[in-house]
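# Breakdown of the fold
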Amino acid sequence: MHSGQPGQLSAATSDLFVYGTLAIDQVITTLIDRVPAYELVVAPRWRIAQLPGRLYPGLVAGGGQAPGRLYTDLTTPEWATLDAFEDPAYTLTAIDVHPGPRPVLAYVWAGERLTEPWTIDRLSATDLSSYLEQCGAWRRHYEQNR
């Protein structure tokens, strides 16, 4: 599914801003077996954009506010799993969120410039079911090969 970012282990912090599929309880549970503690926050001056041909979005710089969750208690193994899961076209970047402001980490889209917005409503029940199956298959492969 993804080739991951194994060189970007993020254990220096437990705070991760998520804004797309990682903010869906079923997806994060499939990947790390739980829903981490979180706060509802927004990332000012960022927006959530549709990635061409993908069900999941990218966080891109630009006007507006990107709503999301701030996971506040990720463990080192959970960070390693999420870093491995994320597409290498993302860059782990420090951003500010509100309430705060305080810098946290987020997977920011570093690929082509994107303009079309993404919302959770884009995922149909069928798409989410298929995506969860892909996430489960990815995790099984990851755990067998790490």
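Here we summarise the structure given alongside this text.

Now for the nonpolar core. Of all hydrophobic cores here, the largest spans 46 residues; its most connected members are Phe17, Leu31, Leu59, Leu82 and Ile95. Counting only elements with at least two residues in this core, the list comes to strand S1 (16–18), helix H1 (25–32), strand S2 (38–50), strand S3 (57–71), helix H2 (76–85), strand S4 (90–97), strand S5 (102–109) and helix H3 (125–145). Considering each element in turn, this core owes the most residues, 6 residues, to S5. In this view, Leu59 contacts Phe17, Tyr19, Trp46, Arg47, Ile48, Ala66, Ile95, Ala106, Tyr107, Val108 and Trp109; residues no more than four positions away in its chain are not counted.

Next up on the list: unusual backbone geometry. Where the residue is not glycine, phi is negative for most of them; where a peptide bond is considered, it is trans in most cases. Of note, the bond from His98 into Pro99 is cis; its omega dihedral lies within 30 degrees of zero at 5°. You can see Pro99 is positioned in the loop between S4 and S5. Of note in the backbone geometry, Asp33 takes a positive phi value of approximately 70° without being a glycine. Among the secondary structure elements, Asp33 is positioned in the loop between H1 and S2. Looking at Asp33, the relative accessible area reads 54%, which means it is exposed. With phi around 70°, Arg45 is a residue other than glycine that occupies positive phi space. The topology assignment puts Arg45 in strand S2.

Thresholds applied
- Residues numbered from 1 in each chain as written.
- Predicted model: local features only at pLDDT ≥ 70, side-chain atom pairs only at ≥ 80, totals over all residues.
- Heavy atoms only, no water.
- Core = buried A, V, L, I, M, F, W, Y, C linked by side-chain atoms within 4.5 Å.
- Buried < 20%, exposed > 50% of the residue type's maximum accessible area, 1.4 Å probe, protein only.
- Helix = DSSP H or I, 4+ residues; strand = E, 2+ residues; numbered from the N terminus.
- Contact = heavy atoms within 4.5 Å.

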